[in-house]
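Structural features, examined
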Amino acid sequence: MTPTPLARVRIQLDGQPVNVAAGSSVAAALAARSPGNSRISVTGENRAAVCGMGVCHECRVLIDGQLRLACQTLCQQGMRIETVLDPGTRAACSGAPLESHDDTCDLLIIGAGPAGMAAALAAAPSGRAIVVVDDNPAPGGQIWRDGPAVTLPDFAKQQREQLARHTNIRLRCGTRVAGLAGKPGSSALLLEDARQGWVQHYGSLILCTGARELLLPFPGWTLPGVTGAGGLQALIKGGMAVRGQRIVIAGSGPLLLAAAQSARHAGATVVRIAEQAAWPALLRFSGSLARWPGKALQAAALFHPQYRGASHVLEAGGDGRLQHVRLRRGRQVEQLACHRLACGFGLVPNTQLGQMLGCALNAHDGLQVDDLLQTGVPGVYAAGECTGVGGSERASIQGAIAGYAAIGELARATRLAPRLARWQAFANTLRRHFSLGPPVLALARPDTLVCRCEDVPQSALAGCDSWIDAKLHTRCGMGACQGRVCGAATQALYGWRPMPSRHLLAPTRIDTLAGLGLHDGHAPAPTTTRCADAADSPNKEPQ
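The following paragraphs examine the structure supplied in this document. (Residues numbered from 1 in each chain as written. Predicted model: local features only at pLDDT ≥ 70, side-chain atom pairs only at ≥ 80, totals over all residues. Heavy atoms only, no water.)

Some thoughts on the sheet that holds strand E6 (residues 66-69)
Through backbone hydrogen bonds, the strands of a sheet pair up, either in parallel or in antiparallel fashion. Rules: In this description, strands pair whenever DSSP reports at least two bridges between them. Numbering of helices and strands starts at the N terminus; helices are DSSP runs of H or I of at least 4 residues and strands are runs of E of at least 2. Structural elements are reduced to axes, namely lines fitted to C-alpha atoms, with helices fitted over the stretch in contact, and the angle between N-to-C directions of any two is expressed from 0 to 180 degrees.
Within the open sheet, the 5 strands sit side by side as E2-E1-E7-E5-E6. Their pairing is mixed. Every interior strand has two partners, whereas the edge strands, strand E2 (16-21) and E6, have only one. Strand-to-strand, the axes of this sheet are offset by a mean angle of 40°, without reference to chain direction. Taken together, the 2 bridges between strand E1 (residues 8-13) and strand E7 (residues 80-82) define a ladder with parallel strand orientation. Considered in E7, the bridge of glutamine 12 is made with arginine 80.

A closer look at the pairing of E2
As defined by bridge partners, E1 adjoins E2 across 6 bridges and the pair is classed as antiparallel. Opposite isoleucine 11, over in E2, you have valine 18 as the bridge partner. In sequence, E1 turns back onto E2 through a hairpin of 2 residues, with aspartate 14 there showing a positive phi of about 50°.

Brief notes about the pairing of strand E9 (residues 130-133)
Which entries qualify depends on this criterion: Only protein chains enter the area calculation, which uses a 1.4 Å probe; residues under 20% of their type maximum are buried, those over 50% are exposed, and those in between are partly exposed. A clockwise course of the path from the first strand over the helix to the second, judged with the strands pointing away from the viewer, identifies a crossover as right-handed.
Neither face of E9 is open: one carries Ile130 and Val132, the other Val131 and Val133, and all of them are buried. In terms of strand pairing, strand E8 (residues 104-110) meets E9 through 4 bridges, oriented parallel. Of the residues in E9, the one forming a bridge with leucine 107 is isoleucine 130. What joins E8 to E9 is helix H2 (residues 114-123), and the crossover it makes is right-handed. Sheet analysis places E9 next to strand E10 (residues 169-172), joined by 4 bridges and oriented parallel. Note that in E10 the partner of valine 132 across the bridge is leucine 171. Taking the sense of rotation as the criterion, the β-α-β connection linking E9, helix H3 (residues 154-165) and E10 turns out right-handed.

So, in structure tokens, the structure goes:
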């Protein structure tokens with residue numbers, strides 16, 4: 001049966017007309033042209049999206065005059081995209097009235113992945129005013145990310161449908177938390193979407209901010225064509241064409257197999273899956289899956305003949321973009337020609353917002369919570385991967401517990417404890433069998449860039465003894481991603497613990513900051529037009 005052709009939209013990419021599948025991300029459109037870059041780095045290198053989920057900021061471009069992330073923006077008919085950014089470039093005025101937002105709610109949920117959706121649905125029958133914020137174009141998080149030709153699981157569809165049926169749930173996709181708002185200790189966050197910013201006041205808060213990939217530096221990792229393993233999945237779901245391409249996947253953990261499956265289904269040839277864990281650990285992990293039969297069946301279905309244990313990436317090479325990769329397996333080194341390399345070395349909980357609010361961390365660098373998912377900050381709960389990496393099942397149960405607890409349904413929350421314990425045991429098993437070995441922590445050479453935003457090489461960090469020292473002397477962590485990539489990498493490599501920002505989480509438009517005082521007194525968002533400043537000006541205050 002011939003597949004139904006996808007609808008197309010026409011966009012302008014650096015002044016050239018391009019037709020793309022409706023629902024494609026801008027990052028997918030950029031990847032389709034050679035060499036696939038979205039920006040030029042501070043030292044003149046081509047760069048492209050590496051995380052695919054709004055973390056690395058490598059794909060920031062001007063979209064209709066606004067500086068936005070290409071991986072988080074869907075292509076629309078007539079959209080204008082510019083990738084060559086003059087440092088003095090400013091956005092044009094939109095000339096359209098801005099939307100008015102309800103700036104108060106009873107329960108604010110940050111993140112619309114499995115945990116966030118479960119929390120909202122658990123709390124919804126109370127009738128309280130609930131706002132769910134997510135920076136993705138649609139709910140579902142990374143595991144249920146939508147896109148052209150993506151078939152969502154039935155459970156994910158049901159969750160979306162249930163969210164839509166509750167009139168007391170306001171879902172705000174394409175919206176991110178810019179930072180804190182109001183006076184210290186006040187229950188208010190500064191939010192921003194593609195057009196404007198506003199202050200959101202809340203009664204209770206549930207953090208479902210998920211996790212991001214741990215991306216470790218190695219020679220050639222900044223070449224266009226090199227992404228995270230989850231980043232490859234996100235870009236393929238966003239419409240990036242990989243049919244006929246040769247793809248190498250390397251790193252550690254089950255995400256490698258999931259990324260390989262996404263690539264195969266999209267028509268690519270996976271020429272190698274290099275897992276750094278040794279075979280004895282992999283066999284022990286496989287044997288332990290008897291406790292979770294569904295996971296055992298899933299692993300069997302995902303297994304690929306090109307899967308290799310005790311193998312890791314050494315170097316990516318190419319002229320302006322990826323052309324080949326070198327891998328080590330035991331004492332042997334092989335070089336494979338490929339179009340794409342996807343590397344993921346595990347996941348890191350997204351705790352920055354929680355830390356800014358005063359929440360403590362647990363032993364696994366997630367947000368510390370009690371049995372009812374309460375943090376140490378009154379009125380603030382946390383659920384899902386931000387409390388520690390453990391999979392969508394654990395995240396959904398935690399989300400439900402937090403949702404019930406936030407509305408005072410403590411008995412219903414407590415009844416979910418046995419189910420949570422089962423999936424927490426699975427999370428612990430994953431952590432134990434896929435811990436990173438010394439070889440992958442020693443891949444970077446002196447000239448290998450560690451900070452992608454500011455192009456800081458490893459040699460520049462040699463004389464530093466802490467994260468703060470590195471920021472003060474090298475600008476490491478002071479770029480657009482605010483240390484989310486290099487901060488996690490230096491913690492893994494050197495044991496440095498990045499300090500959270502004090503006020504802002506990411507580069508924020510000047511007009512959003514200028515309007516902060518207007519919203520602080522519960523005043524509605526303005527409905528006048530404004531001219532946004534697209535200058536790339538992250539929070540560069542040393543922490």
